[in-house]
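Listed below are the residues making up each chain.
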Amino acid sequence: MNPSSAVWITGIGTWSAAGGDLASVNQTLLSGRSTIAPITRFGVENHPSQIGGSFDSVPCPAGEDAEGFARLPRLEKLVRHCCSQALHHSGLFARRKELRIGVVLGIGVESILLWEEEGHNHSVETWQPILYEESMLERTRKWLHLSGPGITVAAACASGNVALSQARAWLRQGWVDVCLAGACDAAVSPLSLAAFGNLRALSRRNSAPRAASRPFDKDRDGFVLSEGGAVFVLERADDARRRSASAFAEIAGYGAASDAHHLVIPSPDPGPASVAVQRALDDARINANEVDYINAHATSTPVGDAAEARVLHKVLGAAVQTVPVSSTKSITGHLLNAAAAFEVLACIGAMQANALPPTINLDQIDSECALCHVANQTREKRVKVAMSNSFGFGGSNTSLVLRAVA
Amino acid sequence: MRLDTLDLAALRRPPGPECGETLGPNMLRHCDEQSLACLVALGNAFRQMGRDPKTEVGEFREWGVVAGPRRFGLSALMIALGRIQAEGAWGISPHLVPHRSLHALSGLISQVLRINGPNLGVGGSPDAHREAMLASLTLLQSQTVPGVLLVTSRIVGELPVVAGNYPETAEVEAVALVMQQGAGPIDWQAEAFASEFTFERLVSLVDSLQKPQELLSFASGEVFV
């Protein structure tokens, strides 16, 4: 196998408050319409943050038993929907049993979400670990009749980028013919809302939900919890060409590095995160000034956004004045483990529409976050190369470079 | 290695596990039992290699860290579920996410050993050890890191647990591997792909390694599915 062979995205599955496919998500992002609203699925009266980017239900995949699907945990519904939709979208669903299809999913707290849901919804007080002998990943592989290897990875907000990089490596090493890769999170739950809220990481702008997520803005006060998923079908470019598949982007570069500083707070030294971004550029064999659009990690926290701005200044140099940057979390909130994968979707959307989604609510740019912002309004621009940064708790810094397929 | 409740309680007191930077009292109090056990196992692995686990960590600065704990965060979750039902949102510790999410263990190792290479959590499920092995081999074979520190762990017995409580008899078992690409006595790749690669099998393979330096090796080869 060729360790540097091109790997393409040839199918997309997604679900979130922003939409259920690439077109609807892109429409939401390019219209700059916030998806944040008061949380109504459960009581939030005593929570410091009471808003989120949530949804009521997940559509049952075609051919699935609707009653059985309805009984699945929320996270598992998301995973099945996204994986199934991605395979259908790629045109490989009917061939999935004959191909060696692997799965790499970014999922941060599977057991916690499943147990929490069971406890809250069914008042179950005793948990029997033996009932969870098979992981959600295994159940999904069996449900889809996939024969390739599977893993779940967790690098907090960077999980999706890690998943895509692992899947690309598996394809290059010849471990799989095709790989499903992406991330899902169903984090708008009482426990998550309480834990992040008490960590003082969440915005408390409860009276103005649509204005709450405001990355790079001087008045930002934390991120907004959100949920959803994005899963992609990855193939070696040669294989995709051979079957005349539609290609949405090439996974052209990836870089990762750890802060080794703190479990929650980003390093004040932009060095480690800069290494991750530079590695992604080097891996894609491009210079910083060749990037047409950067989808920033920027979550709307006072510390994190400024730290990312320092990283971009360090890596881009003079090009920081001209390379457009936006944070789509201003529109969608923060999908946590699913954020990186979802933001790959935003980059693909920008390539397809030749337009950059804005950072909304950017009324007064923080002086520590001076960048070439796409502020509040969509900007027309041809996008051949896009970068998506994702930096997570645990000091995980990742950057992904996507290249349009000619 | 296996730690019982008393061992784990002792590890929560200073100086804590002997592996890298000393954990402060707050970290010792809030980190997961499996984190403590994995740090002890990693310290033991360094000692087997003739390294001082407290000081000589600079050589691993660019290595990858892969952590595959099984059912991570269980004990804290049980307490949290009881508290949120009894006290509401304010009963939930802000330490829950940083210390008990799947990414927390690899992040902690990265921090205490000052490792700037990539760190990632893997699995969390009953197959965590196998997934951690696959993720480690992926990192090694893509040649993006000089080596990988792998830890994997589980709660022994996995007793039924009740919201608001946690079984006192819980024991934790942890394995640490220091891995670099090269010819070695065990074909880890074949093992990781095999469905019979259980946690017990991993422990027996590690026990079968005769010389400490063999811990630095694994066999690269073709694909096994």
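Going by the structure above, here's the rest.
Residues numbered from 1 in each chain as written. Chains lettered and ligands numbered in written order. Predicted model: local features only at pLDDT ≥ 70, side-chain atom pairs only at ≥ 80, totals over all residues. Heavy atoms only, no water.

## Considerations on the pattern of salt bridges
Okay, step 1: By the definition in use, this model includes 36 salt bridges over all chains.
Okay, step 2: Here R214(A) and D363(A) are joined by a salt bridge, their closest N and O atoms 3.0 Å apart. Of this pair, R214(A) sits in the loop between helix 7 (190–198) and strand 8 (228–236) while D363(A) sits in the loop between strand 12 (355–356) and strand 13 (372–373), and the two are 149 residues apart along the sequence.
Okay, step 3: Across the pair E171(B) and R2(B) runs a salt bridge, and its minimum N-O distance is 3.1 Å. Residue E171(B) is found in strand 6 (residues 171–179), and its partner R2(B) is found in strand 1 (residues 2–3); the two are separated by 169 residues along the sequence. (Salt bridge = Lys/Arg side-chain N within 4 Å of Asp/Glu carboxyl O. Helix = DSSP H or I, 4+ residues; strand = E, 2+ residues; numbered from the N terminus.)

## Details of the side chain of S226(A)
All names here are of chain A.
Okay, step 1: With respect to the helices and strands, the residue S226 is situated in the loop between helix 7 and strand 8.
Okay, step 2: Relative accessible area serves as the criterion here: at 2%, S226 is assigned to the buried category.
Okay, step 3: A distance of 3.0 Å separates the side chain of S226 from the backbone oxygen of G53, its partner in a polar contact.
Okay, step 4: Among the polar contacts made by the side chain of S226, one reaches the main-chain carbonyl oxygen of T332 at a distance of 2.8 Å. (Buried < 20%, exposed > 50% of the residue type's maximum accessible area, 1.4 Å probe, protein only. Polar contact = N/O pair within 3.5 Å; in protein donor to acceptor, adjacent residues only side chain to side chain.)

## Some points on the packing of helix 1 (residues 22–31) of chain A against helix 12 (residues 339–353) of chain A
Residues and elements named next belong to chain A.
Okay, step 1: As a packed pair, helix 1 and helix 12 sit with axes 9 Å apart at the nearest point and diverge in direction by 85°. Considering their axes alone, helix 1 and helix 12 lie roughly perpendicular with respect to each other. The residues of helix 12 that touch helix 1, namely those facing L22, V25, N26, L29 and L30, are F342, L345, A346, I348, G349, A350, Q352 and A353.
Okay, step 2: Of the residues assigned to the contact of helix 1 with helix 12, the class counts are 10 nonpolar, three polar and no charged. (Axes fitted to C-alpha atoms, helices over the stretch in contact; angles between N-to-C directions. Parallel < 35°, antiparallel > 145°, perpendicular 65-115°, else oblique. Contact = heavy atoms within 4.5 Å. Nonpolar A, V, L, I, M, F, W, Y, C, P; charged D, E, K, R; others polar.)

## Considering the side chain of Q111(B)
Okay, step 1: Within the secondary structure, Q111(B) is located in helix 6 (residues 104–112).
Okay, step 2: Among the polar contacts listed, one links the side chain of Q111(B) to the backbone nitrogen of L263(A), at a separation of 3.3 Å.
Okay, step 3: Setting aside residues no more than four positions away along its own chain, Q111(B) makes contact with A260(A), H261(A), H262(A), L263(A), E21(B) and M27(B).

## Some thoughts on the nonpolar core
Okay, step 1: Judged by nonpolar contacts, the single largest core of 76 residues is most densely connected at I9(A), F232(A), L234(A), M133(B) and W188(B).
Okay, step 2: With 10 residues, helix 12 of chain A is the largest single contributor of residues to this core.
Okay, step 3: In contact with M133(B), other than residues within four places in its own chain, are L150(B), L177(B), M179(B), W188(B), A192(B), F197(B) and L202(B).
Okay, step 4: Core analysis: the second largest hydrophobic core is formed by 63 residues, V58(A), C157(A), L202(A) and V97(B) among them. (Core = buried A, V, L, I, M, F, W, Y, C linked by side-chain atoms within 4.5 Å.)

## A few points about the packing of aromatic side chains
Okay, step 1: Scanning the model with the defined rule gives seven aromatic pairs over all chains in all.
Okay, step 2: With a centroid separation of 5.0 Å and 25° between ring planes, the pair formed by F46(B) and F60(B) is classed as stacked. In this pair, F46(B) sits in helix 3 (residues 33–48) while F60(B) sits in the loop between helix 3 and strand 2 (64–69), placing the two residues 14 residues apart along the sequence. Per residue, the accessibility class of F46(B) equals that of F60(B), and both read buried.
Okay, step 3: Both rings, one in F60(B) and one in W63(B), keep their centres 4.8 Å apart while their planes meet at 90°; by these two values the pair is edge-to-face.
Okay, step 4: Overall, F60(B) belongs to the buried group, its relative accessible area being 1%.
Okay, step 5: Through pairs of rings, three or more aromatic residues link up here, namely W170(A), W175(A) and F193(B).
Okay, step 6: We note R96(A) situated over the ring of F93(A); from NZ or CZ to the ring centre the distance is 3.9 Å. (Phe/Tyr/Trp six-rings, centres within 6.5 Å; stacked < 30°, edge-to-face > 60°. Lys NZ or Arg CZ within 6 Å of the ring centre and 35° of its normal.)

## Details of the interface of chain A and chain B
Okay, step 1: Every contact between the two is made by 61 residues of chain A and, on the other side, 62 residues of chain B.
Okay, step 2: In total, about 4,800 Å² of surface goes out of reach between chain A and chain B, with carbon and sulfur atoms giving 63% of it.
Okay, step 3: Among the residues chain A hides against chain B, the three largest losses belong to W175(A), A260(A) and L263(A). Together they make up 14% of the total.
Okay, step 4: With a closest N to O distance of 3.0 Å, E62(B) and R279(A) form a salt bridge.
Okay, step 5: At the junction of chain A and chain B, the tally comes to 17 residue pairs in polar contact (both at pLDDT 80 or more).
Okay, step 6: Looking at the side of chain A that touches chain B, the elements that each hand over two or more residues are helix 4 (110–122), strand 5 (126–127), helix 5 (136–144), strand 6 (150–154), helix 6 (159–173), helix 7, strand 9 (249–258) and helix 9 (271–284) of chain A.
Okay, step 7: Residue composition of the side of chain A that touches chain B, grouped by class: 32 nonpolar, 22 polar and seven charged.
Okay, step 8: Strand direction decides the pairing type here: strand 6 of chain A and strand 3 (residues 119–122) of chain B, joined by two bridges, are antiparallel. Within strand 3 of chain B, the position partnered with A154(A) by the bridge is G121(B). (Buried area = accessible area lost by both parts, 1.4 Å probe. Pairing = 2+ DSSP bridges.)

Nothing here speaks to function; it is all geometry.
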